[in-house]
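# Analysis of the macromolecular model
Given next are the chains, with one letter for each unit.
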Amino acid sequence: DGDQDDPGDGVYIRCVTGDIAVGETGEVRGLSKFATAAIPSVAVSCGTWYFEVQILPDPATGTAPAPGGSNAGCAVQVGWATEAFQPDQGTGDGVGDCQGSWAIDVRRGLVFDQGQELPIACT
């Protein structure tokens, strides 16, 4: 199922749509189109918060999605969600597709705002 076992500290990675593989150090690899992984035990409700994502090359091909590139089939969307987020395994709706969730896809230049697909606007 792709979920990483809870190491005892309450932090684990959960697959909420699609199929993922989780490595020993927590790296996530999507095994299906638009899989959504989450860490439900890591949540904030106030203040300023940050997260960092590192996009690594696919070990099978050695390539990573490039901004504006033509990596066919390589869409990496990173997002965040509120408690209202209700992914749907049946439809494949994940982060950015549902109420209470947002995502960004830098390679395709898109923002997903609760189901709306919008171009990234830079000012």
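Everything in this summary refers to the structure shown in the same document.

Cut-off values and rules
- Residues numbered from 1 in each chain as written.
- Predicted model: local features only at pLDDT ≥ 70, side-chain atom pairs only at ≥ 80, totals over all residues.
- Heavy atoms only, no water.
- Pairing = 2+ DSSP bridges.
- Helix = DSSP H or I, 4+ residues; strand = E, 2+ residues; numbered from the N terminus.
- Axes fitted to C-alpha atoms, helices over the stretch in contact; angles between N-to-C directions.
- Buried < 20%, exposed > 50% of the residue type's maximum accessible area, 1.4 Å probe, protein only.

## A word on the sheet that holds strand 8 (residues 116-119)
The strand order across the open sheet formed by four strands is 5-6-7-8, and the pairing between neighbours is antiparallel. Both edges of this open sheet fall to strand 5 (78-81) and strand 8, since each of them pairs with a single strand only. Strand-to-strand twist in this sheet, taken as the mean axis angle between neighbours without regard to direction, amounts to 15°. Pairing of strand 5 with strand 6 (residues 101-105), which is carried by four bridges, proceeds in the antiparallel orientation. Its bridge partner being in strand 6, Val78 is matched across the sheet by Ile104.

## Here we look at the pairing of strand 7 (residues 110-113)
Residues of strand 7 alternate between two faces, with Leu110 and Phe112 buried on one and Val111 and Asp113 left unburied on the opposite face. Examined bridge by bridge, strand 6 and strand 7 share four bridges and lie antiparallel to one another. Counted as the bridge partner of Trp102 is Asp113 from strand 7. Taking the residues between adjacent antiparallel strands as the criterion, strand 6 and strand 7 are bridged by four residues, where Gly109 takes a positive phi near 70°. Count of turn residues in the strand 7/strand 8 antiparallel hairpin: two residues, of which Gln114 carries a positive phi of about 50°.

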